[in-house]
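Fold and contact review
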Amino acid sequence: MNTETSPPLVKLTAVDIRFGLADGRVLQAGHQLNLSIHAGDMIAVIGESGCGKSTLGKVVLGLLAPSAGSVEIAGQNVWARGYRWPKAQRLAIQAIHQDPFSSLNPVRTLAQILSPGLKYHSQTQGREAIRLQVHELLNAVGLTPSERFIDKYPFQLSGGQKQRVAIARATLLSPRLIVADEPVAAVDSSLRLAILDLMKGCNREQGTAFLYITHDLATARYFAPEGQLVVMYLGRMVETGQIEACIQRPAHPYLQALLAAIPGSATARSDGELPLRSLEMPSPIDPPSGCVFHPRCPYAVLRCEQEAPQLRSLSPGHSVACHLATAEVTMEKGQGP
Ligand SMILES: Nc1ncnc2c1ncn2[C@@H]1O[C@H](COP(=O)(O)OP(=O)(O)OP(=O)(O)O)[C@@H](O)[C@H]1O
Ligand code: SF4
Ligand SMILES: [Mg+2]
């Protein structure tokens, strides 16, 4: 449900994020980030550790002010001087974190963790009525029978069960957007699909939009097969488009390399190695000149060292930041852009 006519839930325009370090140097965690998230969108953000995925998530959540550019939430520039962000709008964007243990209050039972939100949201009064709703919520996220869970503390639950509580808490306020930052990274692989299915159900049944942050392309594809992929590298968005289109026709050499490392993918290499000139990620404090990917790119030419490529459209909805990428090329094994 991509409602192009209504204003986006969140719109980032030319957002830069810079962190001043104690030694006076500046770390650029985000550069010229443009992103529109509409009701019901499923967007997966992938990239290596430190590329700026969580930073992007914090900007979308309205937790981190941009150093440059604008962040509009429901059509309002939330960082404009004097603007007071209404509580209802703030609650319409919720987060699910990688480590549910640190985000759940350890000295409260599940009933105590979930009741305040229910009281606020449904205006339900009375202890028994609220408790009944907590039971319904626990059942809805698969913590069944709910009698077994309702009076437990987070430390008495497994990682997957805790993440279900975190999802219940995030969804009980009927948010319009959930930023899920590596929600299954700390969960046993056998339970990952069930947690992703739970979130997919929120999208299908309630139209909740998701920004799903992960370093794992396979779960991104599972989570949002019809959705949008955003590939990040060193604080930049280097490719974006419909997930299957990006996977079938990866335009940026970095995405091609990520795909080559996945066994069974169209461009997989039998040795499982990333086909890069170097495995080392450059420092965001002192990024390379021109295209920041050039020291690792197997196709780099002189222009790549001198000129930064802009994100440009290759085909409707599919954009790439690479001087050499063209729409016509279908990636064959070992072939360049
Ligand atoms: N508050 C901060 N102060 C200084 N540097 C920061 C701060 N927050 C993040 N960074 C730096 O910004 C860069 C991007 O960090 P971020 O957490 O967004 O990466 P990430 O893609 O989420 O990585 P991971 O996959 O490991 O979670 C990193 O180099 C990180 O060290
Ligand atoms: S612009 Fe050049 S260095 Fe950058 S990804 Fe494209 S070919 Fe590689
Ligand atoms: Mg992160």
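Rules and cut-offs
- Residues numbered from 1 in each chain as written.
- Chains lettered and ligands numbered in written order.
- Predicted model: local features only at pLDDT ≥ 70, side-chain atom pairs only at ≥ 80, totals over all residues.
- Near = placed C-beta within 6 Å.
- Nonpolar A, V, L, I, M, F, W, Y, C, P; charged D, E, K, R; others polar.
- Helix = DSSP H or I, 4+ residues; strand = E, 2+ residues; numbered from the N terminus.
- Expected span 1.5 Å × (residues − 1).
- Buried ≥ 20, exposed ≤ 12 C-beta atoms within 10 Å, placed from the backbone.
- Arc of directions from axis to C-beta.
- Contact = placed C-beta atoms within 7 Å.
- Pairing = 2+ DSSP bridges.
- Axes fitted to C-alpha atoms, helices over the stretch in contact; angles between N-to-C directions.
- Core = buried A, V, L, I, M, F, W, Y, C linked by C-beta atoms within 7 Å.
- pLDDT = per-residue confidence, 0-100.

Around ligand 2 sit 14 residues in total, of which C291, H294, C297, C304 and C322 are the nearest. Residue composition of the shell around ligand 2, by class: 11 nonpolar, 3 polar and no charged.

Lining the immediate surroundings of ligand 1 are 13 residues, of which F19, A29, S49, S54 and T55 lie closest. Looking at which element gives the most residues to the shell around ligand 1, the answer is helix α1 (residues 53-61), with 3 residues. Of the residues that constitute the shell around ligand 1, the class distribution is 5 nonpolar, 7 polar and 1 charged.

Here helix α7 (residues 189-206) contains 18 residues, and its C-alpha end-to-end distance of 26 Å stays within 8% of the 26 Å for a straight helix at 1.5 Å per residue. Among all positions of α7, only R192, I195, L196, M199, C202 and N203 are buried. Taken around the axis of α7, the buried residues stretch over an arc of 105°, which confines them to a single face. Seen from the buried face of α7, the exposed residues on the opposite side, beyond 90 degrees, are S190, R204 and E205. Considering only its buried residues, α7 is in contact with β3 (42-46), α6 (159-171), β7 (177-181), β8 (209-214) and α8 (217-223). Looking at the residues trailing α7, positive phi occurs at G207, about 70°.

Right, let's get into the sheet that holds β3. The strand order across the open sheet built from 8 strands is β6-β7-β8-β3-β9-β10-β12-β11, with neighbouring strands paired in mixed fashion. Single-partner strands in this sheet number two, and they are β6 (93-96) and β11 (312-315). Averaged over neighbouring strand pairs, the angle between their axes works out to 20° when direction is ignored. In this structure, β3 lies alongside strand β9 (residues 228-233), joined through 4 bridges in parallel fashion. When the sheet's bridge partners are listed, I43 is paired in β9 with Q228.

One recurring pattern in soluble globular proteins: nonpolar side chains tend to sit buried together. Membership of the largest hydrophobic core comes to 87 residues, with the highest contact counts inside it found for A44, L211 and Y212. For this core, the element with the highest residue contribution is helix α10 (residues 253-260), accounting for 6 residues. Sequence-distant contacts of L211, that is, excluding residues within four places in its chain, are made with I37, I43, V45, G57, V60, L177 and V179.

Let us now look at the confidence of the model for the protein chain. Confidence along the protein chain averages 90 in pLDDT terms, with 91% of residues attaining 70 or more. Note on residues 329-334: pLDDT under 50 across the span, and 7 contacts to partners over four residues away in sequence or across chains.

A separate point is the pairing of strand β2 (residues 26-37). Strand direction decides the pairing type here: strand β1 (residues 10-20) and β2, joined by 8 bridges, are antiparallel. Bridging from a neighbouring strand, K11 pairs with S36 of β2. Where β1 folds back onto β2 in an antiparallel hairpin, the turn is made up of 5 residues, including G24, whose phi is positive at roughly 95°.

With that settled, the discussion passes to unusual backbone geometry. Excluding glycine, residues mostly have negative phi values, and the peptide bonds linking residues are mostly trans. Residue T144 is joined to P145 through a cis peptide bond whose omega torsion reads -10°. Backbone geometry places A74, a non-glycine residue, at a positive phi of 50°. Even without glycine at this site, E182 takes up a positive phi of about 50°. Position of E182 relative to the elements: it lies in the loop between β7 and α7. Classification of E182 by C-beta neighbours within 10 Å gives buried; the count is 20.

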